[in-house]
Amino acid sequence: MKALVWMGKKNVEVQEVEDPRILNPRDCIVKITSTAICGSDIHLYNGYIPTLEKGDILGHEFMGDVVEIGPKVKKLKVGDRVVVPFTIACGNKCSHCMRQQFSVCDNTNPNWHIAETMMGFSPAGIFGYSHMTGGYAGGQAQYARVPHADVGPIKIENDLSDDKVLFLSDIFPTGYMAAENCEIVPGRSVVAVWGCGPVGQFAIRSAFLLGAAKVIAIDSLPERRAMAEAAGAVTIDSGMDVMEELKALTGGRGPDASIDAVGMEAHGSAYDQVKQTLKMETDRPFALRQAIRCTRKAGVVSVPGVYGGLLDKVPFGSAMNKGLTFKMGQTHMQKYMRPLLKLIEDEKIDPSFVITHRVPLTKADKAYPMFVEKRDECIKVVLDPAA
Amino acid sequence: MATALKNSPSGAATKQSAARASSRANVASSRNRNVRGITVVRAATIRRPAAELYAFWRKLENLMQVIKHPVTITSKSENESHWSVSAPANQRVEWDAVIVDDERDRMISWRSQPGAQVENAGSVRFEAAPGDEGTEVTVSLEYDPPGGRLGAAIAKLTRDSASSQVYDALRRFKALMEAGEIPTIEGQPAGGPQRPRKGRK
C-alpha cells in the first residue's frame, strides 16, 4: 500500500510499504476512504515530538471500510463503514476507561516504559504519533490496523458523506471537549479561543452549541479569523494587545474561560523561538501564557493544544492567585463520538466547513509544507487514498 | 506502577533493619535472607478479582505469556519448577525453584533450590485496592546478580535488568487480564529505513 512516511525533520515521503495485518485478536483492518492532516502533525513534521522514528507512518484522522476482523471482534463486521478515533482504548476494562477517561487508558500503549520515563505515567496509544504513545502505524495510508475494534471505531449507518463525519476522528471531539471543559453557563459565559486552526474552529462552534454568550477568537491569519467570524465569533488579531482587546470586549472582566488551541509551537515570542531552537525548552507556550494572564479571576483554562515536554516561564503565580482551574488532555474520544455524530445527523453542525484543500495521498508530501507554512490560505487538508 | 530498587547490604541483621525501615520492603520475605544482592519491588493495580489473578499466576507456565524475555518454565511437581532464561552470548541461566508459601488468592512466594546459577527468591501478593479499583498486585524479587553489583549496574543501564523485566511482565499481565490482550506493534508496516521497501512511489 501507499503511506505517508516521516523521514526526518521537515521531510516526509509517500512510500510503498507492506499492507497491515491483524496482530491481536481484537484488531480490524480498515481500507481508508478519507484521511486528513492534523495541526498536531505539524509538531511531528517539524521534529518537536521525541521518539518519532524515521520510517514511521503518520496520520490519526481517518475513516473507511472494515475489510478484515480479528477472531475476538464481535460488534464490527467486514463491510462496515467506520470513523476511527485517534486514541486507542481498551473499553471499560481498566479503571480509566471505566470512568470514560479513554485517552489515558492503561492497556493500549506497548511503549509504556518510554511514556512513564517522560511523563510519570503512560497515556493511551495514539495512531501515528511517535513511539512514546505506542508507535502505532498511522492512517495517512491506504489501509490501517485498528486495535480494540469494538471499542474505538464508530459505525456510520447512513449516507452522510465522508466530509461530514471524518472529523469525528479527532478535531470535532477535541474542540468539543475543550469547550465542555470551559464549564460554560448558558447565556452568560464568555469564552476566548487562542488559535483559529481546525481545533479552534470546532471549539468556537462547540462553545456556541453549549450556550456561550460570546466567543472571542484570536489568530494572526485573516482567513482563519474570517472562518471564526462566520460562526459568530468576535475576533482579535494576535498582533494586537490581546489583553486590552479582551478587556474591552468583556466589560473589563476578561473571558470566563480560555481555550489554548495552539499548543507547543505558538508564534509571537522570539524568546521561545530561540530557546526551542537551542533545545533549552521543548515547547513554545506563548498562547498558554497569554491565556493564563487574560482569563477572568476564578476562570478556567482549557488546553486541547498539544504540549510535548517542559515549558518555560509559565505565569503560575497569576494562575494561583487568580484561582484558575486548568482542564486539559488528549480527547476522551470514545465518550464523544456518538453524541457528536447525533449532532451531525440532526444538522446542528456540518463539520465539512473547515476543509480548504483536497489532495491525493500520493501528493501528501507536498501538502505538508503547504499546511505547515499556511500557504494558499490552507486551514484543513483532506487526503484521498484512492487518488 | 511503583518501583523500589536498592542494593541490600549483606548480613542478615542489617538487612532486617533495612526491611523494617521501608514498609514496601516488607513484601520481600525476610525468610529469603540467604539470598544476598538486589531487591526489586514492583506493583500494579489490576481491575480483576484476586482469585482470578492468583489462579493465573499459580499455573507458573502462564507466566511465559507475560514475561517478554525468552524464558522456559516447566512445572516438575505441585510446588517445584524449572526455569531457563536466555542470557547474552547464547548462554542460558537455569535454576530450579520451589514454592515456599502459598496462600490461596492472597500470595505466593518462592525461592531457588540449592545449586541455582542465579540465587533468587520472590513473592507476589494480591490485595484488595480501595473502592472499585481492583486488586493491587505486588511482586518482590531478590536476586544475586551475575557479576555482582557491577553486573547489575551494567544490566540496569541496558534496561535489561530484573527490575524492568518484572515491571514489564506486570504491565503485560495487567493488559492481558483486563483487556484480554497485550498491546503490540510488532509486525506492522513501516517505511523508509525501518523495513525493506517494496519500491519507490
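Here is what the cut-offs are and how they apply
Residues numbered from 1 in each chain as written. Chains lettered and ligands numbered in written order. Predicted model: local features only at pLDDT ≥ 70, side-chain atom pairs only at ≥ 80, totals over all residues. Heavy atoms only, no water. Helix = DSSP H or I, 4+ residues; strand = E, 2+ residues; numbered from the N terminus. Rg over C-alpha atoms; globule rule 2.2 N^0.38 Å. Buried < 20%, exposed > 50% of the residue type's maximum accessible area, 1.4 Å probe, protein only. Axes fitted to C-alpha atoms, helices over the stretch in contact; angles between N-to-C directions. Parallel < 35°, antiparallel > 145°, perpendicular 65-115°, else oblique. Contact = heavy atoms within 4.5 Å. Nonpolar A, V, L, I, M, F, W, Y, C, P; charged D, E, K, R; others polar. 1 Å grid on protein atoms, 1.4 Å probe; cavity = no way out; pocket = protein on both sides within 12 Å on 5 of 7 lines; lining within 4 Å. Points joined across faces, edges and corners; volume = space filled by probe spheres on them. Buried area = accessible area lost by both parts, 1.4 Å probe. Salt bridge = Lys/Arg side-chain N within 4 Å of Asp/Glu carboxyl O. Core = buried A, V, L, I, M, F, W, Y, C linked by side-chain atoms within 4.5 Å. Pairing = 2+ DSSP bridges. Phe/Tyr/Trp six-rings, centres within 6.5 Å; stacked < 30°, edge-to-face > 60°. Lys NZ or Arg CZ within 6 Å of the ring centre and 35° of its normal.

Trainee: Can you help me understand the overall build of chain A in this one?
Mentor: Looking only at helices and strands, chain A has 13 helices and 17 strands in total. Computed over C-alpha atoms, the radius of gyration of chain A comes to 20 Å, within 12% of the 21 Å expected from 2.2 N^0.38 for 387 residues, which places it in the range of a compact globule. For chain A, the spread of C-alpha atoms along the three principal axes comes to 60 × 50 × 45 Å. For chain A, with 387 residues in total, the buried portion stands at 62%.

Trainee: Help me understand the packing of helix 5 (residues 171-180) of chain A against helix 12 (residues 333-345) of chain A in this model?
Mentor: For any two helices packed against each other, one specifies the crossing angle of their axes together with the interaxial distance. Residue and element names in this part refer to chain A. Two elements in contact, helix 5 and helix 12, have axes separated by 9 Å at closest approach and are oriented at 100 degrees. Taken together, helix 5 and helix 12 sit at an angle that is classed as roughly perpendicular. Here helix 5 contributes Phe172, Pro173, Tyr176, Met177 and Glu180 to the contact with helix 12, which in turn contributes Met333, Lys335, Tyr336, Leu340, Leu343 and Ile344. In terms of residue class, the contact of helix 5 with helix 12 is made up of 9 nonpolar, no polar and 2 charged.

Trainee: What is the right way to read the environment of Gly128 of chain A from this model?
Mentor: Residues and elements named next belong to chain A. Residue placement: Gly128 occurs in the loop between strand 7 (125-126) and strand 8 (143-146). A relative accessible area of 2% places Gly128 in the buried class. Residues Gly128 and Gly139 lie 11 residues apart in sequence; the distance between their C-alpha atoms is 7.1 Å. For Gly128, the residues in contact, after removing those within four places along its chain, are Leu44, Ile57, Leu58, Gly59, Tyr136, Ala137 and Gly138.

Trainee: Just to check I follow, could you spell out empty space enclosed by the protein for this structure?
Mentor: Summary: where empty space remains is shown by rolling a probe the size of a single water molecule over the atoms. All names here are of chain B. Applying the stated rule across the entire model yields 7 cavities of 30 Å³ or more. Size it by volume and the second largest cavity reaches roughly 80 Å³. In terms of lining residues, the second largest cavity is bounded by Trp57, Leu60, Leu63, Asn79, Ser81, Trp83, Ala97, Val98, Ile99, Ile108 and Trp110. Elements with a minimum of two residues in the lining of the second largest cavity: strand 4 (80-87), strand 5 (91-103) and strand 6 (107-112).

Trainee: Help me out: how do you make sense of the interface of chain A and chain B in this one?
Mentor: Reports of interface size often rely on the accessible area that becomes lost once the parts have come together. Opposite the 46 residues of chain A that make contact, chain B presents 34 residues. Summing the contributions of chain A and of chain B, the shared interface buries around 3500 Å²; its carbon and sulfur component is 47%. Run the count over chain A and chain B and you get 5 salt bridges. Notably, a salt bridge pairs Arg99 of chain A with Glu133 of chain B, separated by 3.0 Å at the nearest N-O pair.

Trainee: Whenever I open this one, the nonpolar core confuses me. Can you help?
Mentor: For soluble globular proteins, nonpolar side chains are generally found buried alongside one another. In terms of nonpolar packing, the biggest core is built from 79 residues, with Phe167, Phe172 and Val381 of chain A touching the most fellow members. If you look at the next biggest cluster of nonpolar residues, it comprises 38 residues, including Ala116, Val118, Val139 and Ile182 of chain B.

Trainee: Even after reading the chapter, I still don't get the pattern of salt bridges, so can you show me in this structure?
Mentor: Where charged atoms from two side chains of opposite charge come close, those side chains can pair. What the rule picks out here adds up to 26 salt bridges over all chains. Residue Glu52 of chain B is joined to Arg48 of chain B by a salt bridge in which the shortest nitrogen-to-oxygen separation is 3.0 Å. If you follow the salt bridges from partner to partner, you end up with Lys77, Asp80 and Lys155 of chain A in one network.

Trainee: I keep staring at the sheet that holds strand 15 (residues 325-328) of chain A and nothing clicks. Help me out?
Mentor: Sheet strands line up and pair through hydrogen bonds in the backbone, either parallel or antiparallel. All names here are of chain A. Taken together, 6 strands build an open sheet; the order of strands is 12-11-10-13-14-15 and the sheet is parallel. On the outer flanks of this sheet lie strand 12 (234-237) and strand 15, each paired with one strand and no other. Adjacent strand axes in the sheet meet at a mean angle of 20 degrees when their direction is disregarded. In this fold helix 8 (residues 242-249) packs onto strand 10 (190-194), strand 11 (214-219) and strand 12, with an angle of close to 160 degrees to the strand it touches most, strand 12.

Trainee: I'm lost on the packing of aromatic side chains in this one. Help?
Mentor: To describe a pair of aromatic rings, one takes the distance between the centres and the angle between the planes. Counted according to the given criterion, the structure contains 13 aromatic pairs over all chains. Look at Phe62 of chain A and Phe127 of chain A: their rings are 5.2 Å apart centre to centre, the planes differ by 85 degrees, and that puts the pair in the edge-to-face class. In this pair, Phe62 of chain A sits in strand 4 (residues 61-69) while Phe127 of chain A sits in the loop between strand 7 and strand 8, placing the two residues 65 residues apart along the sequence. Judged by its relative accessible area of 0%, Phe62 of chain A is buried. Take Phe127 of chain A: its relative accessible area is 1%, and that puts it in the buried class. Taken together, a centroid distance of 5.3 Å and an interplanar angle of 35 degrees make the contact between Phe172 of chain A and Phe202 of chain A tilted. One end of the pair, Phe172 of chain A, is in helix 5; the other, Phe202 of chain A, is in helix 6 (residues 198-209), and 30 residues separate them in sequence. With a relative accessible area of 0%, Phe172 of chain A lands in the buried category. An aromatic cluster of three or more residues is present, and its members are Tyr54, Phe56, Trp57, Phe126 and Phe173 of chain B. Above the ring of Phe353 of chain A, the side-chain terminus of Arg205 of chain A is found at 3.7 Å from the ring centroid.

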